[in-house]
Amino acid sequence: MSDSAMLSSDTVETAKKHTRWWFGTKLSLVVWAVLGIFLIGYGFVAVDSATTVSPSLNKSENQLGQIDYLIEQARNDVSTVGSLESEHMSPIWVRTIENIHSSQYVNGEDAIITTNRHYISMSDGQRERLSLHMILGLALMGFGFFQFWPAFRRRYRKAHRLMGGGYILAGFTSMAMSGSHLLTNEISDIYGEYVFYTGLWVMLVIAVFGMSAAIYAIFRRNIAAHLGWQALAFGTFLTAPLQRTYWIGMSPFAGDATFNEMNMLVNVSLFAQAFLAAYALFYINRTSSPVRGAMRDHSGIVEAGSTTRILGYAITAIAAVFLLNLYVFSPGFAASDFGSYMVPAGAAAWHDEVITASALSYVLVLAVMIQLVVGMRLFLASEQGVRTQTLAPTVIVAGGVISGGILISWGYQLGMPRHEISLAGVFYFYAGILQWLLGGFFAAQVWRQQLGKMREALCLVLGMAMAPAIMALGLWGMAMADTMPAIYRETGHGYLAAASLGLFLPITVGHLYAMFSAETKRYAVN
């Protein structure tokens, strides 16, 4: 073992100083203040949305007529900014988009207002339950923020416990109201229809399971697991503020695209970004905790057992099969049975025109395969094995730079989403950006010689390298199951779901791995 590969005490001390600098400076307070303002601010936006839905809070007359008026004016290209109808029936975030873009964009027939119209047509009981679900967003964002702010939690333990109880109560109640809404409405009445209807059920299950597991973990006095499960559940709640922020932020750049077309951009990346934020909350809270005295000299790495090794290489082999099928053997969607079945013809042709005409597909597969083979070998190695594989991190990062660049290039060429071409370049662009982002995170841990955190980052990097394969696997699985109604399959909902899964699954697996990793066991999470 070379001296250069050793974990030097100077490097460890530098890492400790880095941690103390971040968590002890005013910059940290500013960041947490901004985050709190954003989350709690969204909570009030959610309450404002609830007032337009609740029959007991919105007393304006002829509410359906007012929404129909907004839709009709949009159809006739007439602005309704500042009108009484807009003030009565449009939440503040909708009115903001009206001012930024136009009434036609947010009130047109290919926009969210048709879903808002359905809300007003529901029974009073349904409207009140949906309104309560929205109002509880303020409790979830407010209590949730204070639950994950390390300095507040550690200084005010009693307040943390009281707020935690309020957060859990609000979370379960909100999810009960969400489940009631999903069960009492048709798929066609849910905004985003099949793909978002399914996504809402996935979020509900993760939220309920995560909060339940967090309660169990705290009774077992496993604070790290409690924190991890709470963060995972909070990730589902973060989808709401992120989604509204995207809707508002994208509106100046929509051009002639409709609201629903721009929303495809949101749907693909929403889960991945929300759960990446949840992982960041877990990481920050854990890293700000003290290291256990007996674990100070532990690297945070435990050698993988034989079962884990078999599983790791099996996953690599499956990813290789789907990568080769999608980009080499039967390149594109139209040439494969499951691709042509699940992806609309227009979208498949648009995708394949860019992908199959480019020799970069071979370079992508080669770069990803090198990443996976070298990366999996490093991921499964013992501490000694990690220290001796001095070139492996460089190879992994280089592979990510190349593959990420190709994916971003394809995303740019495929362009913005449209109904005719479905996702266009959204999936590839985000996959490339996340590959670069996570690769940079991995490189930073390598540079700091934080081996346990390096392995956790490597889990995320390997998962994101598999994103195109996961997308293809998702399409294949949905084609084999064949449970999606044809009307939704033919309009690209399967493609959208598979692309979202390709970005979301690697982040979630990385979060779960970090929760129970040897690195987490080094910390007395508090």
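Definitions and cut-offs
Residues numbered from 1 in each chain as written. Predicted model: local features only at pLDDT ≥ 70, side-chain atom pairs only at ≥ 80, totals over all residues. Heavy atoms only, no water. Salt bridge = Lys/Arg side-chain N within 4 Å of Asp/Glu carboxyl O. Helix = DSSP H or I, 4+ residues; strand = E, 2+ residues; numbered from the N terminus. Patch = residues over 30% accessible without salt bridge, like charges linked within 9 Å, V, L, I, M, F, W, Y side chains within 5 Å. Areas by Shrake-Rupley, 256 points an atom, 1.4 Å probe, with all protein chains shown as cover. Buried < 20%, exposed > 50% of the residue type's maximum accessible area, 1.4 Å probe, protein only. Axes fitted to C-alpha atoms, helices over the stretch in contact; angles between N-to-C directions. Parallel < 35°, antiparallel > 145°, perpendicular 65-115°, else oblique. Left-handed = near helix turned anticlockwise from the far one by under 90°. Contact = heavy atoms within 4.5 Å. Phe/Tyr/Trp six-rings, centres within 6.5 Å; stacked < 30°, edge-to-face > 60°.

**Notes on the pattern of salt bridges**
Side-chain pairing between opposite charges can occur once the charged atoms of the two side chains come close.
Inference 1: Scanning the model with the defined rule gives 9 salt bridges in all.
Inference 2: The residue Glu109 makes a salt bridge to Arg75 at a minimum N-O spacing of 2.2 Å. Remark: Arg75 occurs in helix 3 (residues 63–75) and Glu109 occurs in the loop between helix 6 (103–107) and helix 7 (113–121); sequence separation between them is 34 residues.
Inference 3: One salt-bridge network, held together by shared partners, links Glu72, Arg75 and Glu109.

**A few points about a nonpolar patch on the surface**
Inference 1: Side chains of Leu27, Val30, Val31 and Val34 sit close together on the surface and give an oily, nonpolar patch of about 330 Å² of accessible area.
Inference 2: Tracing the backbone shows Val30 in helix 2 (residues 26–53).
Inference 3: Assessed through its relative accessible area of 48%, Val30 is described here as partly exposed.

**Focus on the packing of helix 21 (residues 451–465) against helix 24 (residues 493–515)**
Inference 1: Two elements in contact, helix 21 and helix 24, have axes separated by 8 Å at closest approach and are oriented at 160°. By the angle between their axes, helix 21 is roughly antiparallel relative to helix 24. In this structure, the crossing between helix 21 and helix 24 has a hand that is right-handed. When helix 21 is examined against helix 24, the residues Arg455, Glu456, Cys459, Leu460, Gly463 and Met464 are found in contact with a partner set consisting of Leu503, Pro506, Ile507, Val509, Gly510, Tyr513 and Ala514.

**Comments concerning unusual backbone geometry**
Inference 1: Positive phi, close to 50°, is recorded for Asn62, a residue that is not glycine.
Inference 2: Its place among the elements puts Asn62 in the loop between helix 2 and helix 3.
Inference 3: When its relative accessible area of 59% is taken as the criterion, Asn62 is described as exposed.

**Comments concerning the environment of Tyr119**
Inference 1: Examined against the element boundaries, Tyr119 turns out to sit in helix 7.
Inference 2: Along the backbone, Tyr119 and Trp476 are 357 residues apart, and their C-alpha atoms lie at a distance of 35 Å.
Inference 3: Aside from chain neighbours lying at most four places away, what touches Tyr119 is Val53, Arg127, Leu130, Met134 and His181.

**Notes on the packing of aromatic side chains**
Inference 1: Counted under the stated rule, the structure contains 32 aromatic pairs.
Inference 2: Aromatic pair Tyr167 and Phe234: ring centres 6.2 Å apart, planes at 55°, arrangement tilted. Within this pair, whereas Tyr167 is found in helix 10 (residues 157–183), its partner Phe234 is found in helix 12 (residues 223–250), the two being separated by 67 residues in sequence. Neither Tyr167 nor Phe234 differs from the other in exposure class; each is buried.

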